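Descriptive analysis of the structure
So the chains spell out like this:
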Protein chains: 2
Amino acid sequence: MKHNFGAGPGILPQEVFKQAAQAVIDFNGTGLSLLEISHRSKEFEAVLDEAVRLVKELFSVPEGYSVLFLQGGASTQFAMVPYNLLPEGGKAAYLESGVWANKALKEAKYFGEVAVVASSKQSNFTFIPKDFEIPADAAYFHITSNNTIYGTQLQQFFPSPVPVVCDMSSDIFSRKINVADFGLIYAGAQKNMGPAGVTLVIVKDEILGKTGRAIPSMLNYQTQIEGGSMYNTPPTFAIYVSMLTLNWVKAKGGVEAIEQENLAKSKALYAEIDRNPLFKGVAATEDRSHMNVCFVAENPEHEKPFLKLCDEKGIVGIKGHRSVGGFRASIYNALPITSVHVLIEAMQEFAEKNK
Amino acid sequence: MKHNFGAGPGILPQEVFKQAAQAVIDFNGTGLSLLEISHRSKEFEAVLDEAVRLVKELFSVPEGYSVLFLQGGASTQFAMVPYNLLPEGGKAAYLESGVWANKALKEAKYFGEVAVVASSKQSNFTFIPKDFEIPADAAYFHITSNNTIYGTQLQQFFPSPVPVVCDMSSDIFSRKINVADFGLIYAGAQKNMGPAGVTLVIVKDEILGKTGRAIPSMLNYQTQIEGGSMYNTPPTFAIYVSMLTLNWVKAKGGVEAIEQENLAKSKALYAEIDRNPLFKGVAATEDRSHMNVCFVAENPEHEKPFLKLCDEKGIVGIKGHRSVGGFRASIYNALPITSVHVLIEAMQEFAEKNK
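Cut-offs applied
Numbering of residues starts from 1 in every chain and runs along the sequence as written. The naming scheme follows written order: chains are lettered A onward, ligands numbered 1 onward. With pLDDT at 70 or above as the cut-off, local features in this predicted model cover only qualifying residues; side-chain atom pairs require 80 or more to be listed or tallied, and sums for whole chains, interfaces and linings still use all residues. Hydrogens and water are ignored here; the side-chain numbers use all heavy atoms of the structure. UniProt positions are given in the numbering used here, feature names are shortened, and annotations may be inferred rather than shown by experiment. The way it works is that DSSP assigns letters per residue, a run of H or I at least four long becomes a helix, a run of E at least two long becomes a strand, and they are numbered from the N terminus. Partly exposed describes any residue whose relative accessible area lies between the buried limit of under 20% and the exposed limit of over 50%, with all areas from a 1.4 Å probe on protein chains only and scaled to the type maximum. This arc is built from the directions going out from the helix axis to the C-beta atoms. Contacts are assigned to residue pairs that have any heavy atoms within 4.5 Å of one another. Any two strands with at least two DSSP-identified bridges between them are counted as paired. C-alpha atoms of residues with pLDDT of at least 70 in both copies form the basis for the least-squares superposition of the copies.

**A look at the UniProt feature "domain: Aminotransferase class V" (unreviewed entry) in chain A**
UniProt records the feature "domain: Aminotransferase class V" (unreviewed entry) for residues 4-336 of chain A in the present numbering. Here residues 4-336 of chain A runs as 32% helix and 17% strand, with 10 Å between its end C-alpha atoms.

Here's what the structure looks like:
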């Protein structure tokens, strides 16, 4: 039995894997694999419709928003967002809270002026800046809700005079959000929502079409909305697995219930980190992520033996990102609290051995 | 037993489905699903390396070319090609041999001037124009090797004074090609190479970096080359299934052996179409595709009953595209010749009944 704490592509529910494997052999009794059926078949259209419906239901998406399943990952959104929202000669505001935010703002520079409202780069992104002003003449304000590498997460969103664009790749569907607070939300699926290869976009229709730019079809949200995410052949398998995962979230009691479980998991793990004399947390306490728990050994020589102990216990994917070091326990939606307990016990056992 | 003649996403080998389903449950004995492992794990890196290696081996890709696995389908390539290859104020040449060629040239117009060297639009693309000149001052010459909707296929490629860019989405790996004849080849995987959600690009390195354009990272071939198709999280499952399918092609004896099988399949089917008084081919004889065999009933009233007979025999996906009507038998690499025989027998049975 493996306990998968990997940062992504990350753990999905075991029952989703079983259903997905079955669909690869025979999809819904059609006698055909999901991989060989037309995206225009009524069977696949039902999958896409259901995935969109579940996103709307789980997040109570209000009228006036479109839900899209696209390709290219969040990195493609880094370019699509300014392509669609930033007018020639216009300005966009970015909060630099990590490497991914930095990559996003670099792409925006291909399209216009970028105002970095605040940055925690000097402290290696261990906290999320909170004291800044959002320029009222910006086309939009871009934030990253959760920073996987550093283990920080926005505990609440900032009021903004301009549309908020949020990269939620690493905490989408992990907690309740108010979609009406956002102009555009995007998320690569491969952490909490599905496998790699599909990207969710939730966009407020009225913010589109205002730049006067000519936008190539595939990069134009409007084309994708009009095509119902099928302007071209969509990534059918990745959408199917996302639909299964969203259904699982619903069956668990929805985002509110998942959020409570996630809080219980992170609370238990942070309590152990704070209690255990051999380890310490990396992120500022008030910004601690409920998705990626980053910590280091007080004594760097303890790193390797602790990783070895983890390996023996079936704990995988716990090595920290190279830019931070130490350990990173990603505790996404599908990771059971029992796995967190196994990790906590390993930390306790390690502390006993190294008293 | 189903005989899948669908145009795409299309049939893949049964053993590929079995291996893919197994990997969704437990990937290579890791105790983890392929869907939950890091793209940076040594296990997945081996998959991507093997997929690239197989492309190079099967097509004898010469030195100086890069092989990429990207997202976004051929439709994203319609924009990436001119973004990367067409200088400001420059011109690109396009052969308009079908709706997909038309879509490709429309995207190029976002980036510069487009010279349509020839078009068969007036005759609903039933043939491929051959009498034209390629302007020597064009940045590149774009062609579509096989036109799924109309059942036409380039039997030989045109000599060109400028780099040839070819959309091979519907016949990639179905026949031998000489990669050195091309500047860039691209193909959505979902017909002959894998599932929907991944796109193969083979590009001659020296044609890149000449436009002076600033290109957003994800749309820049150079970024993708430097990142080894992992500038961001790649579509891991789609790449894995493509690797399995390429391995299957190799085990069959390579592209040459597959090409002989494909010729045997198309020859048998066209022979029946030409012999059977109830049906007739759609495409110009000399341009007939070995991938998508398009035909119609001489008597339009025979359409529905023939589709019903096909349904009874497990023949699926044979309805023609709405713009052409009639029937389209897609006989991709993985479709066994036994399925073609089932279709031929259905045509013969239908002719007997309707004498």
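**Quick word on helix α8 (residues 303-312) of chain A**
Residues and elements named next belong to chain A. Here α8 has its buried residues at Phe306, Leu309 and Cys310. Each buried residue of α8 sits inside an arc of 100° when the element is viewed along its axis, so together they form one side. Residues Lys304, Lys308, Asp311 and Glu312 are exposed on α8 and point more than 90 degrees away from its buried face. Contact partners of the buried residues in α8: β11 (279-281), β12 (292-297), β13 (315-316), β14 (327-330) and α9 (337-353).

**Re the pairing of strand β5 (residues 141-144) of chain B**
Residue and element names in this part refer to chain B. The two faces of β5 match: Phe141 and Ile143 on one face and His142 and Thr144 on the other face are all buried. With 2 bridges joining them, strand β3 (residues 91-96) and β5 adopt parallel strand pairing. Residue tyrosine 94 lies in a different strand from β5, and its bridge partner there is histidine 142. Two elements, β5 and strand β8 (residues 164-167), share 4 bridges in a ladder whose sense is parallel. Among the inter-strand pairings, threonine 144 is bridged to a residue of β8, identified as aspartate 167.

**Here we look at the relation of the copies chain B and chain A**
Note on the identical chains: chain B maps onto chain A by a rotation of 180° and an axial translation of 0.0 Å, with an RMSD of 0.0 Å. Viewed as a symmetry operation, the transformation between the two copies matches a two-fold axis. Taking C-alpha positions as the reference, the residue of chain B nearest the rotation axis is alanine 21 of chain B, at 2.2 Å. The residues that chain B uses at the interface reappear at the interface of chain A in 100% of cases, marking a shared surface.

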